[in-house]
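Working through the structure, step by step
Here is how the chains run, residue by residue.
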Amino acid sequence: LYGQEINVGTWGICKMNMMLHGLRSAQIKRCDTLRDPQLVEKGRLTEFDIVIAKPPFSLKNWGYEQAHDDPYRRFRFGIPPKGYADYSFVQHMIAILNPKGRLGVVLPHGALFRGGAEGKIRQGILEEDLLEAVIGLPSKLFFGAGIPACLFIANKNKPQSHKGKIFFLYGANDYLEGKKQNKLRKEDITKIVAAFKEYKTVAKYCRPVTLDEIRENDYNLNITRYID
């Protein structure tokens, strides 16, 4: 188990969690993942089976200038805008997946449809058939972020039946409402996982969408374009 975190408080809590759960071999580095990743072997980024993250939404000061000369060539689909680091994190995570690796990252909905450089990055990711699913989540799930978010699921080794398709799921209606934060119940998570595993169309909830249909929509991944 490996991790990278820039915030000293979060990093410290994570290290403590590892100790409390007996995971003393976990390597949790304190660093700036975008400017100076620390999980490196012999000058190359370490590759992983599974990568999960909830990066800060649309981070402004993320290292735009340094990205143009990135020694690890992580930003091969394009350099994201100065004020939106979402696809910087996504491209870093794609770069550290091994050939059978899978990725789950929480993103703001804007990353699904904003144009310009981000649109070209989305196009590149889609044309390489790396994206497997986009799952819409309820609002107010995450501390300090009231806006609704989504899960962006990538897979470097998609099963044959999933190739050339992206699974869209609108899960914003299923949650337990809280005063400050909402919560996904066990049944909500089970419903999402079951729908993804079955990979079928359920009216007003989910369906697999072909890459051709997404091309017709100019690589826009806004969930409500595909789920009524």
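The structure under discussion appears in the preceding block.
From a predicted model like this one, the values you see are computed outputs, not experimental measurements.

1. As for the environment of Ile50
With respect to the secondary-structure elements, Ile50 resides in strand S5 (residues 48-53). Ile50 sits in the exposed class, given a relative accessible area of 53%. Linking Ile50 and Gly101, residues 51 residues apart in sequence, is a C-alpha distance of 5.6 Å.

2. Quick notes on the sheet that holds strand S7 (residues 131-136)
Taken together, 6 strands build an open sheet; the order of strands is S5-S6-S8-S7-S9-S10 and the sheet is mixed. Bordering the open sheet on either side are S5 and strand S10 (206-210), each of which pairs with just one other strand. Direction aside, neighbouring strands of the sheet carry axes that sit 15 degrees apart on average. One ladder, built from 5 bridges, connects S5 with strand S6 (residues 97-108); its direction is parallel. Among the inter-strand pairings, Val51 is bridged to a residue of S6, identified as Leu103. Along the sheet face, helix H3 (residues 86-95) touches S5, S6 and strand S8 (149-155) and points at about 160 degrees away from the line of S6.

3. Some remarks on the environment of Leu169
By secondary structure assignment, the location of Leu169 is in strand S9 (residues 165-170). Taking the C-alpha atoms as reference points, Leu169 and Lys204, separated by 35 residues in sequence, lie 8.8 Å from one another. Those residues in contact with Leu169, other than ones at most four positions away along the chain, are Val134, Ile135, Gly136, Ile192, Ala195, Tyr205, Cys206 and Ile223.

4. Looking at the environment of Leu103
Locating Leu103 in the fold gives a position in strand S6. In this structure Leu103 comes out as buried when scored by relative accessible area, which is 3%. On a C-alpha basis, the gap between Leu103 and Ile52 in space is 5.9 Å, while along the polypeptide they are 51 residues apart. Dropping the residues within four chain positions of it, Leu103 is found in contact with Val51, Val90, Met93, Ile94, Leu97, Phe152, Ile153 and Ala154.

Criteria and cut-off values
- Residues numbered from 1 in each chain as written.
- Predicted model: local features only at pLDDT ≥ 70, side-chain atom pairs only at ≥ 80, totals over all residues.
- Heavy atoms only, no water.
- Helix = DSSP H or I, 4+ residues; strand = E, 2+ residues; numbered from the N terminus.
- Buried < 20%, exposed > 50% of the residue type's maximum accessible area, 1.4 Å probe, protein only.
- Pairing = 2+ DSSP bridges.
- Axes fitted to C-alpha atoms, helices over the stretch in contact; angles between N-to-C directions.
- Contact = heavy atoms within 4.5 Å.

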